[in-house]
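# Survey of secondary and tertiary structure
Single-letter residue listing:
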Amino acid sequence: MRHKVAGRGFGRNANQRKALLRGLVFSLFEHLKIETTVEKAKEAKRMAEPIITLGKRGDLHARRLALSRIPNNRIIMKLFNDIAPKIARSSGYLRVVKTRFRQGDNSDMAILEFVDHDLIRGEKTETKEKKKAKEEK
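Scope of this entry: the structure provided in the associated data block. In every chain, residue numbers begin from 1 and rise along the written sequence. Only residues with pLDDT of at least 70 are given local features in this predicted model, and only at 80 or more are side-chain atom pairs given and counted; all residues enter the totals for whole chains, interfaces and linings. Excluded from the side-chain calculation are hydrogens and water; included are all heavy atoms of the structure.

### Brief notes about the pairing of strand β2 (residues 94–101)
- Judged from the 7 bridges that link them, β2 and strand β3 (residues 108–114) form a sheet pairing that is antiparallel. Looking at the pairing, leucine 94 lines up with phenylalanine 114 of β3.
- In this antiparallel pair of consecutive strands, β2 and β3, the connection spans 6 residues, and glycine 104 shows a positive phi of 115 degrees. Here a strand pair is declared whenever DSSP counts at least two bridges between the two strands. Secondary structure elements follow DSSP: runs of H or I no shorter than four residues count as helices, runs of E no shorter than two count as strands, and numbering proceeds from the N terminus.

Spelled out as structure tokens, the structure:
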């Protein structure tokens, strides 16, 4: 029976599963968008969102907790200095968008990305007020 057993096993032992999810979250913070299977995307989202919340806190203790989960100083610095300050929401930072079926094994594929992806990358389109102000000049 699987009563109160949370999470997916992915047919791996605990160390391999932990390494897989760390790698997915690492790639997500590095590239801001990744494509993987739906199940892996949902598990990576469960792992990444608390780390993003730590990044929004921004204090030393939060940084050390984030480093204990993703042991890469460069990625944690990017999260704390570049990504987290640009996020305006209090939760729900990531979304899973189903895209296609993978050729070969027909697995459901999905894109895991930040909800504010354009804002974080700095590609946000101009608002109507800014456009009007430019036209008036």
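Let us keep going from here.
### Quick look at the sheet that holds β2
- Spatially, 3 strands are ordered β1-β3-β2 in an open sheet, and the strand pairing comes out antiparallel. If you trace the sheet from one side to the other, it starts and ends with β1 (33–37) and β2, each paired once. The sheet shows a mean angle of 25 degrees between the axes of neighbouring strands, direction not considered.
- Pairing analysis gives 5 bridges linking β1 to β3, with the strands arranged antiparallel. Bridge pairing links threonine 36 to alanine 110 in β3.
- Note on contacts: a residue pair is in contact if any heavy atoms of the two residues lie within 4.5 Å. Inter-axis angles, ranging from 0 to 180 degrees, are taken between N-to-C directions of lines fitted to C-alpha atoms, where helices are fitted over the stretch in contact. Seen against the sheet, helix α1 (residues 14–31) touches β1, β2 and β3 and runs at an angle of roughly 150 degrees to β1.

### Examining α1
- Between the first and last C-alpha of α1 there are 26 Å, a value that for 18 residues agrees with the 26 Å anticipated at 1.5 Å per step.
- Considered for burial, the residues of α1 that qualify are Leu21, Leu24, Val25, Leu28 and Phe29. The buried residues of α1 occupy an angular sector of 130 degrees when the element is viewed end-on, so they sit on one face. In α1, those exposed residues whose orientation departs by more than 90 degrees from the buried face are Asn15 and His31.
- Residues of α1 that are buried sit in contact with β1, α2 (38–57), α4 (73–83), β2 and β3.
- Directly after α1, the chain includes leucine 32, whose backbone phi takes a positive value near 70 degrees. In this scheme, a helix's expected span is set at 1.5 Å multiplied by one less than its residue total. Only protein chains enter the calculation, and the probe is 1.4 Å; a residue is then buried if its accessible area is under 20% of its type maximum, exposed if over 50%, and partly exposed in between. Taking the helix axis as origin, the arc is that swept by the directions to the C-beta atoms.

### Here we look at the side chain of serine 107
- Mapped onto the secondary structure, serine 107 falls in the loop between β2 and β3.
- A polar atom in the side chain of serine 107 sits 3.0 Å from the side chain of aspartate 105. In protein, a polar contact requires one atom able to donate a hydrogen and another able to accept it; more generally it is a pair of N or O atoms within 3.5 Å, and residues adjacent in sequence count only if both atoms are side-chain atoms.

### Section: unusual backbone geometry
- Look at phenylalanine 10: it is not a glycine, yet its phi comes out positive at around 55 degrees.
- Relative to the helices and strands, phenylalanine 10 is located in the segment before α1.
- Owing to a relative accessible area of 22%, phenylalanine 10 belongs among the partly exposed residues under this scheme.
- In this structure, leucine 32 is a non-glycine residue whose phi angle is positive, near 70 degrees.
- Topologically, leucine 32 is positioned in the loop between α1 and β1.
- The class for leucine 32 is buried, based on a relative accessible area of 8%.

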